[in-house]
Every structure is written in C-alpha cells, then in structure tokens.
Amino acid sequence: GLILEKPTDKQDAYPHLKDSPETLHGYILQCNDMVWPLFSHLENAVREGTNEVKIRFMDAMHSIARLTGKDVATAFDLSPYNMACDNGGCTGAMAYEFTKAHPGLSVIVFDLPQVIEVRRHFQPKENDDRVSFVGGRFFKDDLPKADLYILARILHDWSDEKLNVLLSKLSKMCTPGCGLLVSEIFLDEERKRPSRALLQALSMTEGKQRSTTEYRDLLEKHGVTPKHIKHTDNLLDAILFVKEKKKREGTCGQVW
Ligand SMILES: C[S@@+](CC[C@H](N)C(=O)[O-])C[C@H]1O[C@@H](n2cnc3c(N)ncnc32)[C@H](O)[C@@H]1O
C-alpha cells in the first residue's frame, strides 16, 4: 500500500532495508500495518493505546524525522535563537538535527507524557545535553519558554479551529523577534500536488493539508509574519515566521 517516490540524490536508494543509513523501515511497517488497513477497512479504524502500537507510531515518525531533519534544521539561519521548543517533537530525532546544525541552540522536545516516557527506545548513541524532554499537552498545559517554536508535521493534524487555540497560545508566549518554524508538505495553490500530500490526506480524520497561502493566512492572524520559505526537495518543506513588534494591517504580498 505504500507509494515511495523516486529517491532524490540526497536520499537513500534502499530506504526499505532495516540497516540502510536512512532507513524508512519503521515508516513502511507503520504504513503497511496501520495506514493501509485504515484505507481498506475504515470500519476497523480504532485507535489502540498499547505500548507496541505507540512505539510503532513513534518509529514511523522517527524514521521520517531522521531522513528529513537535517534539511529542515538547515533550511534557515537560526543564529538569532538560543532556545527552541519542538512542539510534538516525538523521539527528538529532529531536535538532535537542530542542535547538530546550530551550535548555539538548545532544544526542548515537548510531547505527550506517554510519548516522552518511552523516548529512550530512540536515543542516539552520542549524548547531547542541549536536547531535553518535557511531557505535556500543547492545547492544555503550559509550554516551555523558548525564542523559537518548531511545529514539524503538527499543523496538518488539526482543524483551523483547534489550531487557532494553539497558535494564540504560542503567539502569547512569543516576544517580538521570536520565531515559529513550520515544517509540512505544502500543497500547491491548486491543491493538486504533491501526490504524497493527497495520499496522506486520505488517512486524516480531523486535520487537513494546506497550501503555503493557507498556512500564511492561518498564522498571520496571530501576529507572526512569514519571512522565509524553503522547498527542501526532501519530503518536508518549511516556513520561518517571526513575531512582529505589533500587529500589522495585512501584508505587502508574498515573500516567496
Ligand atoms: C505527526 S507526529 C510529528 C512528530 C515530529 N514533530 C516529526 O516531525 O517527526 C505528531 C506528534 O505530536 C504529538 N502530539 C499529538 N498531540 C499532542 C498534544 N496534545 N500535546 C503534545 N504533543 C502532541 C504526537 O505524540 C506526535 O509525536
């Protein structure tokens, strides 16, 4: 049931093999055992909360984050920032890419307590004390204080209504100059491509795929402005938003 696009020259040609350097083995198992049955047997689409299912999901997130993390982490100059909070940062795979790429940056991985609990399954061999972990729920609990908030593959999971709650909270946490880094598959303006965005949309319940314009419109309402966009050519793209000094009356057109 999994459609793999032809690897680019940056990508591993054998991502299905468990021992490949950028293995997608966990992601492929997740798609095969969990996502494809959702497409085929919607009536059985029941969420299970067992550890095995949780670790399988985390493994899937982990393999994609390891594959794309470096490109997302190096997409922008992040030298103005010292402390990032990776909201829904899961196993920390992206966080470690951010600290590797930016020597002045520390990253707090914020995710559900039950996810943080089992993160040790996925710890890298080399210890990095600039990455730390905090358990909590981003709609309800206080978020760690940071000057850069990362939202990688988070926004597509939720409705506009829910996101307005989260973004309003983040906007209040941000002082002027703070950054908000959004990484997603961005739909083109006709909402027809890329095909992997459409395929992923089939397995969504509450969320939706959005174009760069839709993300911009959603976030600008919360006082952050898109400064840079990066098409990484590696599954996930990214936009860096920055909190403005005061709310602007609309923008002067697209920055990309
Ligand atoms: C699609 S995964 C993305 C993981 C990671 N950011 C990445 O790109 O690899 C979504 C993550 O959000 C976390 N999450 C979902 N709801 C959450 C909530 N209410 N509070 C905190 N984290 C949440 C999940 O546990 C999961 O790790």
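In this text, all values refer to a predicted model and were calculated from it rather than measured experimentally.

**Details of the sheet that holds strand β4 (residues 148-152)**
Here's step 1: Read across the open sheet, the seven strands follow the order β3-β2-β1-β4-β5-β7-β6; overall the sheet is mixed. Each having just a single partner strand, β3 (131-135) and β6 (224-230) make up the two edges of the open sheet. Going across the sheet, the axis of each strand differs from the next one's by a mean of 20°, ignoring polarity.
Here's step 2: Bridge analysis of strand β1 (residues 83-87) against strand β2 (residues 106-111) gives five bridges, and the strand direction is parallel. Paired with N87 across the strands is F110, a residue of β2.
Here's step 3: Against the sheet, helix α3 (residues 93-101) contacts β1, β2, β3, β4 and β5 (179-184), and its axis sits at roughly 170° relative to β2.

**Some remarks on the site of the ligand**
Here's step 1: Around the ligand, 15 residues are found, and the nearest of them are G88, D111, F138, A152 and R153.
Here's step 2: When the ligand is considered free in solution it has 600 Å² of accessible area, and contact with the protein chains removes 90% of it.
Here's step 3: Tallied by class, residues from the shell around the ligand come to nine nonpolar, two polar and four charged.

**What about the side chain of Q209?**
Here's step 1: Its location among the elements puts Q209 in the loop between α6 (195-201) and α7 (212-220).
Here's step 2: A distance of 3.0 Å separates the side chain of Q209 from the backbone oxygen of A197, its partner in a polar contact.

**Structural notes on the nonpolar core**
Here's step 1: Among the nonpolar cores identified, the biggest contains 30 residues, and F76, L78, M94, F98, L148 and L181 are the most heavily contacted of them.
Here's step 2: At the level of elements, α2 (51-73), α3, β2, β3, β4 and β7 (237-243) are the ones that each hand at least two residues to this core.
Here's step 3: Broken down by element, this core gets its largest block of residues, five residues, from α3.
Here's step 4: Once you skip the residues sitting within four places of it in the chain, M94 turns out to touch A65, T68, G69, V72, D86, A152 and L236.

**Considerations on the pattern of salt bridges**
Opposite charge on two side chains makes pairing possible when the charged atoms of those side chains draw close.
Here's step 1: In this structure the tally under the stated criterion is eight salt bridges.
Here's step 2: For the salt bridge of K208 with D160, the shortest nitrogen-to-oxygen distance reads 3.9 Å. Note that K208 is positioned in the loop between α6 and α7 and D160 in helix α5 (residues 160-173), a separation of 48 residues in sequence.
Here's step 3: With relative accessibility at 31%, the residue D160 sits in the partly exposed group.
Here's step 4: For the salt bridge of K162 with E206, the shortest nitrogen-to-oxygen distance reads 3.3 Å. A residue pair is termed long-range when its members are at least 10 positions apart, and K162 in helix α5 and E206 in the loop between α6 and α7 qualify at 44 residues.
Here's step 5: Each of D160, K208 and R210 takes part in salt bridges that share partners, so that together they form one network.

**As for unusual backbone geometry**
Here's step 1: With omega at -5°, the peptide bond leading from R193 into P194 counts as cis.
Here's step 2: Looking at where P194 falls in the secondary structure, it is placed in the loop between β5 and α6.
Here's step 3: For C90, which is not glycine, the phi torsion reads 55° and is therefore positive.
Here's step 4: Within the secondary structure, C90 is located in the loop between β1 and α3.

**Structural notes on the packing of aromatic side chains**
Here's step 1: Following the criterion strictly, the structure yields four aromatic pairs and no others.
Here's step 2: Judged by centre distance (4.9 Å) and plane angle (80°), the ring pair of F139 and W158 falls under edge-to-face. Residue F139 is located in the loop between β3 and β4, and its partner W158 is located in the loop between β4 and α5; the two are separated by 19 residues in the primary sequence.
Here's step 3: Ring centres 5.6 Å apart and planes at 65° place the aromatic pair F186 and Y215 in the edge-to-face group. Of this pair, F186 sits in the loop between β5 and α6 while Y215 sits in helix α7; the two residues are 29 residues apart in sequence, bridging distant segments of the chain.
Here's step 4: Residue classification places Y215 among the buried residues on the basis of a relative accessible area of 0%.
Here's step 5: A connected cluster of aromatic rings, assembled from ring pairs, spans F138, F139 and W158.
Here's step 6: Positioned over the ring face of F139 is K162, at 5.4 Å from the centre of the ring.

**Some points on α3**
Here's step 1: Judged by how many residues are buried, α3 sits mostly within the fold: seven of nine residues are covered.
Here's step 2: Listed in full, the buried residues belonging to α3 are A93, M94, A95, Y96, E97, F98 and T99.
Here's step 3: The inward-facing, buried residues of α3 abut α2, β1, β2, β3, β4 and β5.

Basis of the calculations
- Residues numbered from 1 in each chain as written.
- Predicted model: local features only at pLDDT ≥ 70, side-chain atom pairs only at ≥ 80, totals over all residues.
- Heavy atoms only, no water.
- Pairing = 2+ DSSP bridges.
- Helix = DSSP H or I, 4+ residues; strand = E, 2+ residues; numbered from the N terminus.
- Axes fitted to C-alpha atoms, helices over the stretch in contact; angles between N-to-C directions.
- Contact = heavy atoms within 4.5 Å.
- Near = heavy atom within 4 Å.
- Areas by Shrake-Rupley, 256 points an atom, 1.4 Å probe, with all protein chains shown as cover.
- Nonpolar A, V, L, I, M, F, W, Y, C, P; charged D, E, K, R; others polar.
- Polar contact = N/O pair within 3.5 Å; in protein donor to acceptor, adjacent residues only side chain to side chain.
- Core = buried A, V, L, I, M, F, W, Y, C linked by side-chain atoms within 4.5 Å.
- Buried < 20%, exposed > 50% of the residue type's maximum accessible area, 1.4 Å probe, protein only.
- Salt bridge = Lys/Arg side-chain N within 4 Å of Asp/Glu carboxyl O.
- Phe/Tyr/Trp six-rings, centres within 6.5 Å; stacked < 30°, edge-to-face > 60°.
- Lys NZ or Arg CZ within 6 Å of the ring centre and 35° of its normal.

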